[in-house]
Amino acid sequence: MKTRIFHNGMAAPPENRAYLERPRIHKLLEDAMKSPYVTVTAGAGYGKTQAVYAFLQNYDASTAWIQLSQRDNLATRFWESFARTLALYNKRMAERMRELGFPETDDQFAKVLSIPEDELAPNEKYVLVFDDFHFIEDEAVLRFIKRAAQAPFPNITMMLISRADPDISTVSLLSKGLLVNINEDELRFTEDETAQYFQLLGIRLSSQSVSNIYSDTFGWAFAINLVGLSLKKAPAHEQNARIAMKLNIFKMIEDEIFFVISERLRRFLVRLSLIDHLSTDLISILAMDETLVDEMKKVSSFIRYDIYSSAYLIHHLFLDYLKQKQNILTEEEKHDTYLKAADWCKENDYQTDAISYYDKVGDYAAIVRIAHHFPLQIPFEQAKFVLGVYDSAPAEQLEQISHYYSQRSRLLMSMARYDEAAAEIHERIRKFSALPASVFNNQVLCGAYKELGIIEYLISPYTDRYEFDLPLQKAYEYYTLSPYDVHVALTSASMNAWASKVSSARQGAMEEYIAALTRAIPHVAVVLNGYMYGLDDLAKGELLFYKGSLKAAETLIIQALRKAETRNQYEIRNRSLFYLMRVSIAQGKFEKIPEFFDALDKQLEISEYTLRFTSYDIVSSWYYSLIGKPQLVANWLKGTFTRDSLGALIAGFGNFVKTKFYYADKRYHELLSFIEDGQGADSVLFGKLEIKALEAACHYQVKNTAAALAALREAYGLALSNDLVMPFVELGKDMRTLTAAAMRDERCDIPRPWLEMINRKAATYAKRLTQVISEYKRVNNINDDVRLSARETAVLNDLYHGLSRSEIAASQNLSINTVKMVLNTIYTKLGADSMTDVIRAALERKLIP
């Protein structure tokens, strides 16, 4: 079966029959495919790319071909290209990769590894090619490839094509039998292959002539190819062809190709060497004449069309030659090329390249328009890149763009340079407030006060001051004076697990925060197009939940849910569903849980919700940890903990759920190590209390009563001033046991009425949780005598025959989320932790037809 090669549409090998007829190389590559990692290393012109490409065209696998360039030393640009290529054959996998962004933390990398497991068929072969890997010097990108090399998949082979040995711990991989290297000695043409090549070209040569050419070229594929081109034109001039090849390879390109084609095609090809994207659409835009494109197609030895990526691919050495000729272009030609490429990249969501090309033509307003659509929290590398563009741009041009100022502040904030951002904002307010009122000045001041309000909101846990509503009100006032198009809705409020940002246990601090939030949201929702809408009701409901006032909390959280839905505030909606799930479990109302999962499932279909897969995993994993099914927790949440920061708020939510998983999985010592090392420290009071209560329970589980009582005493101190109870109550029977022990221990100075109250509430919660678990088992038919429904049997049968989750969904006419739920049920019924365990257990029980 022929493979489909999905290419990112940049430079790549032309079709060349000589490479297609080398069975020796094909056999080398076929054997290499048994390994998870293959490196193909040789100098320029040895046919690395062509050999791999020719082999893969006839190899039974799905291949993603990522053509790298020096631009990929920016991690965000590398990830854009990577995800875009994956989207050509698996859009859902690419969407999940885009949501995740370039993986910088352990959590993010674990999530990257979990995606192929979900989306790819386990019995199908996949090949991931990174071509021209020698261009990569960026430490973050190298680190990603190195880490990927340490976590192989049995059905995925990663290939690195490079002019130098890749720095990915190759010695270690070779020693473990995980890596195969094909080098230039193996890629060289043999003398027999050289003779066969000339026969394919229809060139008759004596054995001595072939030997002479082989001796001159020493099997260098590119040189052999050029000699062949020369001999096809002048068969009798073998000696001249050999001499020309020896003198200057680029001179041969000129003689055999460049000076043979028309002047307009020469200039056009040199223009193409300025850019990385050679899509057919962009080629047509640049050519403005299809006859020019037709003429270009005739240079088939070095340029070919790839039907899968709908792009033209230029041989690397020919591209290097064209780049040396860029001085023949006028400034007008370069400007036109960069501008059209920038417009095309913007329309096709290649943001990094669009910004680079707009920078070359000095269109900074276009760059500002692109950056205006970035999320509120911009990835660090992307922020660094754009800020670098701004810092090198002419200040007088940027200062004429009103939105540039607030964007600059966001970039600094995304890089955690808060003091610098605040200083610039205050100076901006001072400067523009002193100028006469105008639309431009009002917009600058609106942006300045907006960013100042966001900074004060983000740092409020550390200052214990809740006046962030004041600058946001000023931003609203300037906005009403000179309204502008906000362009894009910000759909993810700055949240971790909690709506509250209060760190202090001080009495009244929670109420001060909520009051400021209530005053701010009517203003910020206008200035930022719905941002935070519903967060105040969620914060009120959250506080009532933690106080144990479940009915009152439920009313406010439902209100927050409805508000968030009207303004597409997906993170607020997710957290609202999370709290409603917690309320229902505390009330013993299992019948509501499926409704919440249905709502979470629907969010997975909203492409604008960039954190949908991550947040879904976190909420569902919390639930499975609570009901005693830790095997159903998302794999990435079973790993190590990630340090939280203002730049990675979602990490705090993930860590919160990881603590629940570790506890449910009885990994008490590991969890205590995490907590005692200070890694579990949270900036929000609710988080501090959750961790401290869990610490107490952990100590008691490992029979350290003294440490358990000490931690419980600290938790009591954090909870007292605000009457917070739920972190204790949700520990159910374990907290009931611990508080009973505390009441018996004379050393414990926690007031007995409080211990009795927590003991009573925890006992009630434990009973209701038992009801929920019992109902969960009844609905899912979980018992010792395992029985599967007809749907479960059909899904299991498809899984056994190697179908991926998306293929099972198509086969059974189900949504992929329903397939996930069915598989989770099968895992639960069979007590399995992995696909291998499921198949084994099913075969043992003869559950597979």
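Quick caveat: nothing in here was measured; it's all calculated off a predicted structure.

Trainee: Is there a simple way to explain helix α4 (residues 75-87) in this structure?
Mentor: Counting along an α-helix, one turn takes 3.6 residues, and residues three or four places apart therefore face a common direction. The terminal C-alpha atoms of α4, which comprises 13 residues, lie 18 Å apart, in line with the 18 Å expected from a rise of 1.5 Å per residue. What α4 keeps buried is the set A75, T76, R77, F78, W79, E80, S81, F82, A83, T85, L86 and A87.

Trainee: Can you walk me through the packing of helix α31 (residues 570-586) against helix α32 (residues 593-603) in this structure?
Mentor: Running from N to C, α31 and α32 cross one another at 165°; their axes reach a closest spacing of 10 Å. As far as their axial angle goes, α32 and α31 are roughly antiparallel. Crossing handedness for the pair α31 and α32: left-handed. Within the contact between the two elements, α31 uses Y570, R573, N574, L577, L580, M581, S584 and I585 and α32 uses I593, F596, F597, A599, L600 and Q603.

Trainee: Quick question: what am I supposed to make of the state of the cysteines here?
Mentor: Any covalent bond linking the sulfur atoms of two cysteines counts as a disulfide. Overall, the coordinates contain 0 disulfides when judged by the stated rule. Distance from the sulfur of C698, which forms no disulfide, to the nearest cysteine sulfur (C748) is 18 Å. For C698, a relative accessible area of 0% corresponds to the buried category.

Trainee: So what exactly am I meant to see when it comes to the pairing of strand β4 (residues 126-131) here?
Mentor: Consecutive side chains of a regular strand alternate in pointing toward one face of the sheet and then the other. The buried fraction of β4 is high, at 6 of 6 residues. Here strand β3 (residues 62-67) pairs with β4 via 6 bridges, running parallel. Paired with T63 across the strands is V127, a residue of β4. In terms of strand pairing, β4 meets strand β5 (residues 156-162) through 5 bridges, oriented parallel. Within the sheet, the bridge partner assigned to Y126 lies in β5 and is I156.

Trainee: What am I meant to see in the environment of S230 here?
Mentor: Following the sequence through the fold, S230 ends up in helix α12 (residues 221-233). According to the relative accessible area criterion, S230 is buried, its value standing at 13%. Along the primary structure S230 and D255 are separated by 25 residues, whereas in three dimensions their C-alpha atoms are 8.8 Å apart.

Trainee: Please explain the packing of aromatic side chains as it appears in this structure.
Mentor: Geometry of an aromatic ring pair is reported as the spacing of the ring centres plus the angle between the planes. By the definition in use, this model includes 47 aromatic pairs. Note on Y53 and W65: the rings are 5.1 Å apart at their centroids and 70° apart in plane angle, and the pair reads as edge-to-face. In this pair, Y53 sits in helix α3 (residues 48-56) while W65 sits in strand β3, placing the two residues 12 residues apart along the sequence. Of the two residues examined, Y53 and W65, each falls in the buried class. Arranged with centres 5.4 Å apart and planes meeting at 65°, the rings of Y663 and Y668 form a pair that is edge-to-face. Given a relative accessible area of 10%, Y663 falls into the buried group.

The rules behind each value
Residues numbered from 1 in each chain as written. Predicted model: local features only at pLDDT ≥ 70, side-chain atom pairs only at ≥ 80, totals over all residues. Heavy atoms only, no water. Helix = DSSP H or I, 4+ residues; strand = E, 2+ residues; numbered from the N terminus. Expected span 1.5 Å × (residues − 1). Buried < 20%, exposed > 50% of the residue type's maximum accessible area, 1.4 Å probe, protein only. Axes fitted to C-alpha atoms, helices over the stretch in contact; angles between N-to-C directions. Parallel < 35°, antiparallel > 145°, perpendicular 65-115°, else oblique. Left-handed = near helix turned anticlockwise from the far one by under 90°. Contact = heavy atoms within 4.5 Å. Disulfide = S-S within 2.5 Å. Pairing = 2+ DSSP bridges. Phe/Tyr/Trp six-rings, centres within 6.5 Å; stacked < 30°, edge-to-face > 60°.

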